[in-house]
Amino acid sequence: MNREEYTNDDRRKGVQVAGPGVERPGTMAGARPGVAGPGTKKSGTMAGARPGAAGPGITDSAMIHIPLEDDIDRQTLFGSMDANLQLIREATGVDIIQRDDGLTLKGPAKYIQDARRILEELETMIRKGEKIDSQKLHYVIALESEGVSYGEHNVSGDTIAFTCQGRPIKPKTIGQKRYVNSIRKRDVVFAIGPAGTGKTYLAVAMAVRAMKNKEVQKIILARPAVEAGENLGFLPGDLQDKVDPYLRPLYDALYDMLGREKALALKEKEIIEVVPLAYMRGRTLDDAFIILDEAQNTTREQMKMFLTRMGFGSKIVVTGDVTQIDLPKGRRSGLVEAEKILKDVKGIDFCYLKGVDVVRHEMVKRIISAYDEYYKNHPDSRSDSGARRRNGQK
């Protein structure tokens, strides 16, 4: 981007800069007058800085004009009803004003640079033909707060597979991209992270890709049938009918990528198996892509049993969230134990996905963050036993 920058040092040159005695910058296009702006209390600023905190380049007011080239579609950049600009303004506390030839940013010098870099990232994405939605913009803003560039990691440049409707399946975050690369390079990969980070979906996508490329002959998807506080024993049908509700997320991912009819046809031919973990005992699986989902609900014995089913030409992916363990009291999670025992074993990768990798509704990130913060401050609250100890119960 070509740009002109103005700071307090330019006062002697006759350039008007927002500051004491100067009317504060106007609001961005579509924003309500009087909404938090530079120098007023706002909901959030980049990198956790306090609004109005003293420091070099923070309280100094500045203004930057950013020309927009003709190849940048303004509707895509600004978002519907300027929603993208509003998100950037809320994150940085910088006023963004639309001009005929570009955008003018006004506010604390430090935060203006944050907003400028975010806009540069969006321009790069538009030139690459990437779709900019709320989830992706929130992610770009989160990366910027950590000093990380979305564009430099070429996150969306890797197409794994296509859904049955032709939609490309790609990693959406840096953490997801590292996870996908680990699956390519390693025979055994553990993915640990909160709900909504794409652990299972990406693993199934890589399995379908491997099957279509004839790298494996079959796909096996397994899950421990552990009840998360609900009792499904009263449901009608045989054992398979009773455990199918536990396996539904795996079916959903398969249907999305292959279509329901093709997925069921491959299941009928036993090229794809979706089974409870207990069905794995005693088997040796050659030339297979094997996925164990919800692994935090395996016991130590089940985890060892599962990992030793691996035969020649096979690949194993284990996914789980160690904050959502539903095992009965006194049973230790096989995933937690495997993490300690296998972390230094050659050929095994552990990939850790975080809240920033969540690709569901933005509220999911906030909920996960709130729980993590609470458990950090109240470690005994993670289990019923902790609650009983606090209440003096045995």
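Every residue gets a number counted from 1 within its own chain, in the order that chain's sequence is written. Two thresholds apply to this predicted model, a pLDDT of at least 70 for residue-level local features and 80 or more for giving and counting side-chain atom pairs, whereas whole-chain, interface and lining totals are computed over all residues. Side-chain calculation: all heavy atoms of the structure are included, whereas hydrogens and water are not.

1. A word on the pairing of strand β10 (residues 288–292)
The element β10 is largely enclosed, with a buried count of five among its five residues. The cut-offs for exposure are 20% and 50% of the maximum accessible area for each residue type, with area from a 1.4 Å probe on protein chains only; residues under the lower value are buried, those over the upper are exposed, and the others partly exposed. Secondary structure is summarised from DSSP: a helix means a run of H or I of at least four residues, a strand means a run of E of at least two, and numbering begins at the N terminus for each. Across the two faces of β10 the burial is the same, with Ala288, Ile290 and Leu292 and Phe289 and Ile291 all buried. Sheet analysis places strand β8 (residues 218–223) next to β10, joined by five bridges and oriented parallel. Within the sheet, the bridge partner assigned to Ile220 lies in β10 and is Ile290. Sheet topology places β10 next to strand β11 (residues 315–320); four bridges connect them, and they run parallel. In the sheet register, Ile291 faces β11, and the bridge partner there is Val317. Between the parallel elements β10 and β11, the chain passes through helix α9 (residues 300–307) in a crossover that is right-handed. Two strands make a pair as long as DSSP finds a minimum of two bridges between them. Note on handedness: a clockwise path from strand one over the helix to strand two, with the strands aimed away from the viewer, defines a right-handed crossover.

2. Side note on a nonpolar patch on the surface
For patch detection, residues must exceed 30% relative accessible area and be free of salt bridges, and they are connected within 9 Å for like charges or within 5 Å for nonpolar side chains (Val, Leu, Ile, Met, Phe, Trp, Tyr). What sets the accessible areas is the Shrake-Rupley method with a 1.4 Å probe; for residues, cover comes only from the shown protein chains. By definition, a salt bridge exists where a carboxyl oxygen of Asp or Glu is found within 4 Å of a side-chain nitrogen of Lys or Arg. Taken together, the side chains of Met363, Ile367 and Tyr371 make up a nonpolar region of the molecular surface, amounting to roughly 300 Å² of accessible area. Tracing the chain through its elements places Met363 in helix α11 (residues 362–377). Of the residues examined, Met363 reaches a relative accessible area of 38% and is grouped as partly exposed.

3. A word on the sheet that holds strand β7 (residues 188–192)
A sheet is described by the order of its strands in space; here six strands give the open sequence β9-β8-β10-β11-β7-β12, paired in parallel fashion. The two strands at the open ends of the sheet, each matched to only one other strand, are β9 (272–276) and β12 (348–352). Across this sheet, the average inter-strand angle for adjacent strands is 15 degrees, counted without regard to direction. Between two residues, a contact is recorded if the distance between any of their heavy atoms is within 4.5 Å. Axis angles are defined between N-to-C directions and span 0 to 180 degrees, where every axis is a line fitted to C-alpha atoms and, for a helix, only to the segment in contact. In this fold α9 packs onto β7, β10 and β11, with an angle of close to 155 degrees to the strand it touches most, β11.

4. Looking at the nonpolar core
One recurring pattern in soluble globular proteins: nonpolar side chains tend to sit buried together. Tyr179, Leu254 and Phe289 are the most contacted members of the largest nonpolar core, which has 37 residues in total. Sorting the residues of this core by element identifies α5 (174–185), β7, α6 (199–212), β8, α7 (239–258), α8 (260–268), β9 and β10 as the ones contributing at least two each. No other element matches the nine residues that α6 contributes to this core. In contact with Phe289, other than residues within four places in its own chain, are Ile183, Ala203, Met206, Ala207, Ala210, Val216, Lys218, Ile219, Ile220, Lys315 and Val317. Within the second largest apolar cluster, 33 residues are counted, among which are Leu87, Val94, Leu137 and Ile174. We define the nonpolar core as a collection of buried residues of types Ala, Val, Leu, Ile, Met, Phe, Trp, Tyr and Cys that are connected through side-chain atoms lying within 4.5 Å of one another.

Nothing here speaks to function; it is all geometry.
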